[in-house]
Amino acid sequence: MTLFVAHSRKETMTKAPATLRRPPNSVAWLGYGGLIPFLFLTPLSLIDQQHGMVWSDALYSYGAIIVSFIGALHWGFAIAMPQLSDKQRSALYIWSVIPALMAWPALMVSPILAGPLLVIAFITHYVQDHRLSGLVALPGWYLPLRFRLTSVACICLIAGIYPSIKDFMATT
C-alpha cells in the first residue's frame, strides 16, 4: 500500500485504512529491531557487576537517541499532511523538538534521574501520538506498534536504574 501519491509537483498523503492493524514488514523489522539495544543493554547492566554502570550509561544514551528520533516523526507528519491547518502544523513542528530537549539532560545526569526523565519523555510522546490520531488518519497499526515499542523501552529504562540504586545504597 502506498501512503504517498504523486500529483504533478505536489505530494499528498492518502488516508490509510484504519483497519490495517499490521505494520508493513519493513516497519515491523525496523521498529522491533530498534528494541535490540534496550533488550541487550538492560540485562548487561543488571548482570555485569563490574561494568554495570557502563552498560547503564549506554542504555540511557540509546534511549535519548530514540526519544529524539520519535520526536522527529511529528516533524515528518507536519510536512506530509496537507490537511493540517497552519496552527496544527506549527504545533507539530514545535512538539517534534520537545522530546530531544527532554532527552538531552538525561545524558548529563545519573541513571537514577535519566531513567525517569526518558520514561516521561516516551510516555508524553505516546500521548502526543494519540492526540495526533484524533486530528488525522494515521495507519491503523501505528498506535498499537508505538504502544508496544514504548512499553518495552520504558520497562528496560526502569530496570536499568537498578545498578545506580545499588551503588547509591552501597555508598550511604
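Everything that follows concerns the structure shown earlier in this document.
Each residue is numbered by its place in its chain's sequence as written, counting from 1. With pLDDT at 70 or above as the cut-off, local features in this predicted model cover only qualifying residues; side-chain atom pairs require 80 or more to be listed or tallied, and sums for whole chains, interfaces and linings still use all residues. Hydrogens are left out, water is left out, and the side-chain values use all remaining heavy atoms of the structure.

Draft legend 1. Structural context of the overall build of the protein. When helices and strands are tallied, the protein shows seven helices and two strands. Reading the protein from its N terminus to its C terminus gives the helix and strand order β-β-α-α-α-α-α-α-α. Summary of the burial criterion: residues with accessible area below 20% of their type's maximum are buried, those above 50% are exposed, and those between are partly exposed, where the area comes from a 1.4 Å probe applied to protein chains only. Per-residue burial over the protein gives 40% buried out of 172 residues. By definition in these notes, contact holds between two residues if any of their heavy atoms fall within 4.5 Å. Considering only intrachain contacts with a sequence separation of at least 6, the fraction spanning at least 24 residues in the protein is 67%. Runs of H or I in DSSP of at least four residues are treated as helices and runs of E of at least two as strands, each being numbered from the N terminus.

Draft legend 2. View of helix 5 (residues 111–135). In this model helix 5 runs 36 Å from its N-terminal to its C-terminal C-alpha over 25 residues, within 8% of the 36 Å that 1.5 Å per residue would give. All of the buried residues in helix 5 are Pro-111, Ala-114, Gly-115, Leu-118, Val-119, Ala-121, Phe-122, His-125, Tyr-126, Gln-128, Asp-129 and Leu-132. Under the convention used throughout, the expected extent of a helix is 1.5 Å for every residue step, that is, one less than its residue count.

Draft legend 3. How the structure looks around the pattern of salt bridges. The term salt bridge refers to a side-chain nitrogen of Lys or Arg lying within 4 Å of a carboxyl oxygen of Asp or Glu. According to the stated counting rule, one finds one salt bridge in the structure shown. The partner of Asp-129 in a salt bridge is Arg-146, with the nearest N and O atoms 2.6 Å apart. Highlighted residues: Asp-129 in helix 5 and Arg-146 in helix 6 (residues 142–159), separated in sequence by 17 residues. Taking relative accessible area as the criterion, Arg-146 reaches 6% and is therefore assigned buried.

Draft legend 4. Here's a closer look at the packing of aromatic side chains. Pairing of aromatic side chains requires ring centres within 6.5 Å, counting the rings of Phe and Tyr and the six-membered ring of Trp. Pairs whose planes differ by under 30 degrees are stacked, by over 60 edge-to-face, and all others tilted. Going through the model one piece at a time under the given rule, you end up with six aromatic pairs. Ring centres 6.3 Å apart and planes at 70 degrees place the aromatic pair Phe-38 and Phe-122 in the edge-to-face group. A residue pair is termed long-range when its members are at least 10 positions apart, and Phe-38 in helix 2 (residues 36–47) and Phe-122 in helix 5 qualify at 84 residues. You'll find Phe-38 and Phe-122 in the same group, each marked buried. Taken together, the ring pairs connect Phe-38, Tyr-62 and Phe-122 into an aromatic cluster.

Draft legend 5. Structural context of the packing of helix 2 against helix 3 (residues 52–80). Between the N-to-C directions of two axes lies an angle of 0 to 180 degrees, each axis being a line fitted to C-alpha atoms and, for a helix, fitted only over the stretch in contact. Direction vectors running N to C along helix 2 and helix 3 enclose 155 degrees, while the axes themselves pass 8 Å from each other. With respect to helix 3, the axis of helix 2 lies roughly antiparallel. Our pair here, helix 2 against helix 3, has a crossing hand that is left-handed. Only Gly-52, Trp-55, Ser-56, Ala-58, Leu-59, Tyr-62, Gly-63 and Ile-66 of helix 3 make contact with helix 2, whose side of the interface consists of Pro-37, Phe-38, Leu-41, Thr-42, Leu-44 and Ser-45. Among the residues making up the contact of helix 2 with helix 3, the classes are represented as nine nonpolar, five polar and no charged. Any angle from 65 to 115 degrees is called roughly perpendicular, while one under 35 is roughly parallel, one over 145 is roughly antiparallel, and all others are oblique. Two helices cross in a left-handed way if the nearer one is turned anticlockwise from the farther one by less than a right angle. They cross in a right-handed way if the turn is clockwise. Note that Gly is not counted as nonpolar here; it falls among the polar residues with everything else outside the nonpolar set of Ala, Val, Leu, Ile, Met, Phe, Trp, Tyr, Cys and Pro and the charged set of Asp, Glu, Lys and Arg.

Draft legend 6. Geometry of the packing of helix 5 against helix 6. At their nearest, the axes of helix 5 and helix 6 sit 9 Å apart, and the two run at 170 degrees to each other. Classified by the angle between their axes, helix 5 and helix 6 sit roughly antiparallel to one another. Residues Gly-115, Leu-118, Val-119, Phe-122, Ile-123, His-125, Tyr-126, Asp-129, His-130 and Ser-133 of helix 5 form the contact with helix 6, whose participating residues are Tyr-142, Leu-143, Arg-146, Phe-147, Thr-150, Ala-153, Cys-154, Leu-157 and Ile-158. Looking at the contact of helix 5 with helix 6 residue by residue, the class counts come to 12 nonpolar, five polar and two charged.

Draft legend 7. View of the side chain of Gln-128. Its location among the elements puts Gln-128 in helix 5. Of the residues examined, Gln-128 reaches a relative accessible area of 17% and is grouped as buried. Within the local environment of Gln-128, its side chain forms a polar contact with the side chain of Arg-131, the two groups lying 2.8 Å apart. Other than its neighbours up to four places away in sequence, Gln-128 contacts His-74 and Trp-95. Contacts described as polar in this section are N or O atom pairs within 3.5 Å, which, within protein, must combine one atom able to donate a hydrogen with one able to accept it, while residues neighboring in sequence count only if both atoms come from side chains.

These values are about where atoms sit, not about what they do.
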